[in-house]
Amino acid sequence: MIPSDFRDYFTNSSTATQQEIVSSLLSLSLQGSAVKDDKQDKAITCPHCTKKRIRANGKLKGVQRYFCNDCKKNFSETTGKFWYGIKKKDKLSKYLYCLLSGYSIRKSAKETGISIQTSFDWRHKLLTSFSSVSVEEFQGIVESDDLFFAYSEKGNRHLDRKPRQRGEKASKAGISNEKVAVIATCDRSGNKDFKVATRGRISKKGLDKVLKGKLNKVEVICSDSHRSYGAFAKANTLNHKKFNASKGQRTIDKVYHVQNVNNMDMRLRKFMESFNGVATKYLQNYLNWFLVLEKIKNSTSKMTAVTAIASNSVWYEYKQ
């Protein structure tokens, strides 16, 4: 579930450090409420339709419920949060310990005392909630690269093609719609991001989807020589430094290179190997989890670099 170096770091850490990491992740995932009493905050919105015409609608098991006058739906203080619908909140700390220790879904279920299905649901609700770890803006010199993973419908029992066996290669050679493109981006300030872009080869449109609005403070973008990056850089008036590894191009002016992003790619691939294939619909969740682990590992105070993770759309994103 996690890279061996981080697993070793976590399991070999002192009990106090382990508790710090677990409690910090837990408190971040449980912070705040989806809504507040409308007497205290007039700006609250319905999580279903985002409208503001709501009213209190009693309590259920001590949790305040609300009714939206626009979409006519009920919701509560916890609707849309990571812990929405979780009945065994007292087991979350233990489950996070299992997650950070690299336990499988089955072993985590056994250690925590929950069902395998609940263990699966908790894992993906947690991973979805890490979406806000994404970088909002890069600066200075940026490196970007694309890497590909096999398109997978793992778990789907109604495929429109013959199922692949574990480890079996795609039927089409090279880059095709049987591959999913992931854009890796980093800057020299330590900001890192991975985003699922598209199926098949990347395009300017795919780069726009992932990077547009995040490069306002960027001076130079470094990438390979694929024409999509050139078109993207030109459209956004960016100074583009391109490299062709097959021709031995490694650096320009001893400053510009793509070595950092290539190293990121290598670590991500190693991280993904342990899963024996990930369903494409969950791929972004695992990219987010990798970024969170990187932040924990590289943070001087172990957890201070981990950002808030419980967005209001967590449950809905997971269920889609």
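Residues numbered from 1 in each chain as written. Predicted model: local features only at pLDDT ≥ 70, side-chain atom pairs only at ≥ 80, totals over all residues. Heavy atoms only, no water.

On to the overall build of the protein, then. Looking only at helices and strands, the protein has 10 helices and 10 strands in total. Relative to its full complement of 320 residues, the protein shows a buried share of 45%. Long-range pairs, those at least 24 residues apart, make up 62% of the contacts in the protein with a sequence separation of at least 6. Per element, the accessible surface of the protein, about 17200 Å² overall, is 47% carbon and sulfur. (Helix = DSSP H or I, 4+ residues; strand = E, 2+ residues; numbered from the N terminus. Buried < 20%, exposed > 50% of the residue type's maximum accessible area, 1.4 Å probe, protein only. Contact = heavy atoms within 4.5 Å. Areas by Shrake-Rupley, 256 points an atom, 1.4 Å probe, with all protein chains shown as cover.)

Further remarks concern the confidence of the model for the protein. Low pLDDT marks regions whose predicted coordinates should not be analysed in detail. Looking at the protein, the pLDDT average stands at 78 and 79% of residues meet or exceed 70. Contacts of residues 31–43 to residues separated by more than four positions or lying in other chains number 27 contacts, the stretch itself having pLDDT below 50. Low pLDDT, under 50, characterises residues 300–320; the stretch is placed with 59 contacts to residues that sit more than four places away or in other chains. (pLDDT = per-residue confidence, 0-100.)

Moving on, we come to the pairing of strand β1 (residues 54–60). Note that β1 and strand β2 (residues 63–68) share five bridges and pair antiparallel. Bridging across to β2, K59 finds its partner in Q64. Hairpin connection, β1 to β2: the antiparallel pair is bridged by two residues, and K61 has positive phi, about 55°. (Pairing = 2+ DSSP bridges.)

The next subject is the packing of aromatic side chains. Taken as a whole and assessed by the stated rule, the structure comprises five aromatic pairs. Judged by centre distance (5.7 Å) and plane angle (20°), the ring pair of Y66 and F75 falls under stacked. For Y66, a relative accessible area of 1% puts it in the buried group. Here F194 and F290 contribute two aromatic rings whose centre-to-centre distance is 5.7 Å and whose plane-to-plane angle is 70°, an arrangement assigned as edge-to-face. Of this pair, F194 sits in strand β6 (residues 192–199) while F290 sits in helix α9 (residues 283–298), placing them 96 residues apart in sequence. Here F194 matches F290 in class, with each residue buried. Through pairs of rings, three or more aromatic residues link up here, namely F194, F271 and F290. Over the ring of Y103 we find K107; its NZ or CZ atom is 4.2 Å from the centre of that ring. (Phe/Tyr/Trp six-rings, centres within 6.5 Å; stacked < 30°, edge-to-face > 60°. Lys NZ or Arg CZ within 6 Å of the ring centre and 35° of its normal.)

Before going further, it helps to examine the pairing of strand β5 (residues 179–187). Of all nine residues in β5, eight are buried; the element is thus mostly enclosed. Examined bridge by bridge, strand β4 (residues 139–150) and β5 share nine bridges and lie antiparallel to one another. Within β5, the position partnered with D145 by the bridge is A184. Two strands pair when backbone bridges link them, and β5 and β6 are joined in this way by seven bridges, in the antiparallel orientation. Opposite V182, over in β6, you have V196 as the bridge partner. A loop of four residues connects β5 with β6, the two strands running antiparallel in sequence, and G190 in this loop sits at a positive phi of about 100°.

Counting residues in hydrophobic clusters, the biggest one holds 48 residues, and the most contacted among them are F194, L268, F271, M272, Y286 and W289. Taken together, the elements giving at least two residues each to this core come down to α2 (15–29), α3 (92–100), α5 (116–129), β4, β5, β7 (217–224), α8 (259–273) and α9. The element contributing the most residues to this core is α9, with nine residues. One finds V135, I183, Y229 and L238 within the second-largest nonpolar core, a separate group that totals 18 residues. (Core = buried A, V, L, I, M, F, W, Y, C linked by side-chain atoms within 4.5 Å.)

Turning to the state of the cysteines, a few remarks are in order. A complete count under the given rule lists zero disulfides for this structure. C46 takes part in no disulfide bond, and the closest cysteine sulfur to it belongs to C71, at a distance of 3.7 Å. On the basis of relative accessibility, which here comes to 1%, the residue C46 falls in the buried class. (Disulfide = S-S within 2.5 Å.)

Glancing now at the environment of S119. With respect to the helices and strands, the residue S119 is situated in helix α5. Classification of S119 by relative accessible area gives buried; the value is 0%. Remark: the alpha-carbon pair of S119 and A109, spanning 10 residues in sequence, is separated by 5.4 Å. Look past the residues within four positions of S119 in its chain and what remains in contact with it is Y95, I105, S108, A109 and I114. From its side chain, S119 meets the backbone oxygen of I105 in a polar contact 2.9 Å long. (Polar contact = N/O pair within 3.5 Å; in protein donor to acceptor, adjacent residues only side chain to side chain.)

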